[in-house]
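Examining the three-dimensional arrangement
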Amino acid sequence: WLQSLGYNTYYVGKFLVDYNVNNYNNTPKGWTDIDALVSPYLFQFYDPVFSRNGSAPNWYPGQYSTDVVAEKALSQIISAVDAGKPFFAQIAPIAPHFSSGGPTAGAVQGRDNRTVPGDVSVPRYPPVPAPRHWKLFNDVTLPKSANWNEKDVKGKPAWIRSLPRFSRANITYLE
């Protein structure tokens, strides 16, 4: 409906989990320009794969997904300004979602069979930072106030009482 009001509409980044290498050419309606990440490569922080306006997926080997999204968004905004019309731009990086395999996971042409769209068995890892951010928060610790991972939750709401305490593995993941 924005286009019917004279707006150009732009989208870049994570669109839908089921927008994938098998249906990328079914271009989502309502966008002047859409450049979306495609599954099964959607949650890879490195080596992202995009389809622009229904074209064949394009792989960006060795590049960080959020950086590619930022570059593409800037290009879209420059195009939008040059068009001289009002515009709406939606920018959707995958961060802070989980990673489906770390900095070297995934491959082109479906060589990685463990990341099938809709497959709940897909491995999930913590988000992967850009190289320039790897050590940015090395000295930061997880805050643990008096009510953190409490043993006695008798006075708490039922939904809190029903939760298990964090295991050592949970704590390690959070830290």
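To be clear, the structure that these remarks concern was listed above.
Scope of this entry: the structure provided in the associated data block. These figures come from a predicted structure and were not determined experimentally.

Reading the values: the criteria
- Residues numbered from 1 in each chain as written.
- Predicted model: local features only at pLDDT ≥ 70, side-chain atom pairs only at ≥ 80, totals over all residues.
- Heavy atoms only, no water.
- Helix = DSSP H or I, 4+ residues; strand = E, 2+ residues; numbered from the N terminus.
- Buried < 20%, exposed > 50% of the residue type's maximum accessible area, 1.4 Å probe, protein only.
- Pairing = 2+ DSSP bridges.
- Contact = heavy atoms within 4.5 Å.
- Axes fitted to C-alpha atoms, helices over the stretch in contact; angles between N-to-C directions.
- Core = buried A, V, L, I, M, F, W, Y, C linked by side-chain atoms within 4.5 Å.

The general pattern is negative phi for most residues beyond glycine and trans for most peptide bonds. Note that the residue after Ser 39, namely Pro 40, is joined by a cis bond; omega there is 10 degrees. Mapping Pro 40 onto the fold places it in the loop between strand S2 (33-37) and strand S3 (49-52). Of note, the bond from Ala 95 into Pro 96 is cis; its omega dihedral lies within 30 degrees of zero at 5 degrees. Looking at the secondary structure, you find Pro 96 in the loop between strand S5 (87-92) and helix H2 (158-161). Here Asn 53, not a glycine, exhibits a phi torsion of approximately 50 degrees, which is positive. Taking relative accessible area as the criterion, Asn 53 reaches 34% and is therefore assigned partly exposed. The backbone phi angle of Asn 149 is positive, close to 55 degrees, even though this residue is not glycine.

Further remarks concern the sheet that holds S2. Taking strand neighbours across the sheet as the criterion, the five strands line up as S4-S3-S2-S1-S5 in an open arrangement whose pairing is mixed. In this open sheet, the two edge strands, each paired with only one partner strand, are strand S4 (58-59) and S5. Its contacts with the sheet place helix H1 (residues 65-83) against strand S1 (8-13), S2, S3 and S5, and it is angled at close to 170 degrees to S1.

Turning our attention to the nonpolar core. Ranked by size, the top nonpolar core spans 15 residues in total, and within it Phe 45 and Phe 50 carry the most contacts. Among the elements that take part in this core, H1 stands out by supplying three residues, more than any other. In this view, Phe 50 contacts Val 12, Gly 13, Asp 35, Ala 36, Leu 37, Ala 56, Pro 57, Asn 58, Tyr 60, Val 68, Val 69 and Lys 72; residues no more than four positions away in its chain are not counted. Ranked by size, the runner-up nonpolar core spans nine residues in total, among them Phe 15, Tyr 19, Tyr 41 and Ala 92.

A few words on the environment of Lys 14. Here Lys 14 lies in the loop between S1 and S2. Since its relative accessible area comes to 17%, Lys 14 is described here as buried. Spatially, the C-alpha atoms of Lys 14 and Asp 35 are 9.0 Å apart, while their sequence positions differ by 21 residues. Excluding its chain neighbours within four sequence positions, the residues that come into contact with Lys 14 are Leu 37, Leu 42, Phe 43, Ala 92, Ile 94 and His 97.

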